[in-house]
Structures are given as C-alpha cells and as structure tokens.
Amino acid sequence: MTATQLQNLPGLPPNLDQSLHTAQSQGEKALGTWLKNYGSMVQDPRKAWIELDYCQFSCATNPAEARKLFNAVKDRIAPSSPVWPRIKESEKSFQ
C-alpha cells in the first residue's frame, strides 16, 4: 500500500494526523503512548493499520504483547478489509 493509499484509509480524525506522524517517527514507545492516548478516537481500518505498525515496532522488545495485539487485530478485521493483505503477509511473524 502506498503512502497515499494509506492516508486515504478512513478512520483517523484529521486533527490526529500530525501527532500520529510524530509518534511513528519517534518509534515504539511514542507510538504505544499515542495509541493509549488516542486509539479510542481512531476507527478501523486505519486503527488496525496503526496497531500493526506498533506490532512491528514492538515484536523485538515485547513479542508477547505484539502477538496479542496482532491476534486482536486479526480477529476483528474482515477479509474484505484493505488491511487484510497486510495481516496475511505478517501472520507468520506473529505465530
């Protein structure tokens, strides 16, 4: 998925876009904090994509947490979602 396609995924309120980019650029801890603070304001499919980003950041430092979150995302996202191909692509990393 290209950056433009990602930005077109619905679910992220426009006022959170800049803080999300900042958190993503600062790494795992910042993105985890961002999700705790703002995750309830974000809807799927964009929320799922952001959570998968966090899973990738945290798989080396906290694999159990990353696996738990990955499975939660996988369980709630339908195969018709634009996020589903990324879930299937990442699945082996989180088994």
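About the cut-offs
- Residues numbered from 1 in each chain as written.
- Predicted model: local features only at pLDDT ≥ 70, side-chain atom pairs only at ≥ 80, totals over all residues.
- Heavy atoms only, no water.
- Helix = DSSP H or I, 4+ residues; strand = E, 2+ residues; numbered from the N terminus.
- Polar contact = N/O pair within 3.5 Å; in protein donor to acceptor, adjacent residues only side chain to side chain.
- Contact = heavy atoms within 4.5 Å.
- Axes fitted to C-alpha atoms, helices over the stretch in contact; angles between N-to-C directions.
- Left-handed = near helix turned anticlockwise from the far one by under 90°.
- Nonpolar A, V, L, I, M, F, W, Y, C, P; charged D, E, K, R; others polar.
- Core = buried A, V, L, I, M, F, W, Y, C linked by side-chain atoms within 4.5 Å.
- Buried < 20%, exposed > 50% of the residue type's maximum accessible area, 1.4 Å probe, protein only.
- pLDDT = per-residue confidence, 0-100.
- Salt bridge = Lys/Arg side-chain N within 4 Å of Asp/Glu carboxyl O.

Draft legend 1. Looking closely at the side chain of Asp-53. For Asp-53, the location among the structural elements is in helix α4 (residues 46-58). In this structure the side chain of Asp-53 is engaged in a polar contact, spanning 3.1 Å, whose partner is the side chain of Gln-24. Excluding its chain neighbours within four sequence positions, the residues that come into contact with Asp-53 are Gln-24, Leu-31 and Arg-86.

Draft legend 2. Region of the structure containing the packing of helix α2 (residues 17-26) against helix α3 (residues 28-38). Remark: α2 packs on α3, axes separated minimally by 6 Å, with the N-to-C direction vectors making an angle of 145 degrees. Crossing of α2 over α3 shows left-handed handedness. Every residue of α3 that contacts α2 at Ser-19, Leu-20, Ala-23, Gln-24 and Gln-26 is listed here: Glu-28, Ala-30, Leu-31, Trp-34 and Tyr-38. Grouping the amino acids of the contact of α2 with α3 by side-chain chemistry returns six nonpolar, three polar and one charged.

Draft legend 3. Summary view of the nonpolar core. The biggest cluster of nonpolar side chains holds 25 residues, and the ones touching the most others in it are Leu-12, Trp-34, Ile-50, Val-73, Ile-77, Val-83 and Ile-87. When contributions to this core are tallied by element, the ones reaching two or more residues are α2, α3, α4, α5 (63-76) and α6 (84-90). The element that contributes the greatest number of residues to this core is α4, accounting for six residues. Sequence-distant contacts of Trp-34, that is, excluding residues within four places in its chain, are made with Leu-12, Leu-16, Ser-19, Leu-20, Ala-23, Gly-39, Val-42 and Ile-50.

Draft legend 4. Highlighting the confidence of the model for the protein. Of all residues in the protein, 94% have pLDDT values of 70 or greater, and the mean over the chain is 93. When mean pLDDT is compared element by element in the protein, α3 scores highest at 97, while helix α1 (residues 3-7) scores lowest at 62.

Draft legend 5. Spotlight on the pattern of salt bridges. Using the criterion set out here, one finds five salt bridges in the structure. Salt bridges linked by common partners bring Asp-44, Glu-51 and Arg-76 together as one network.

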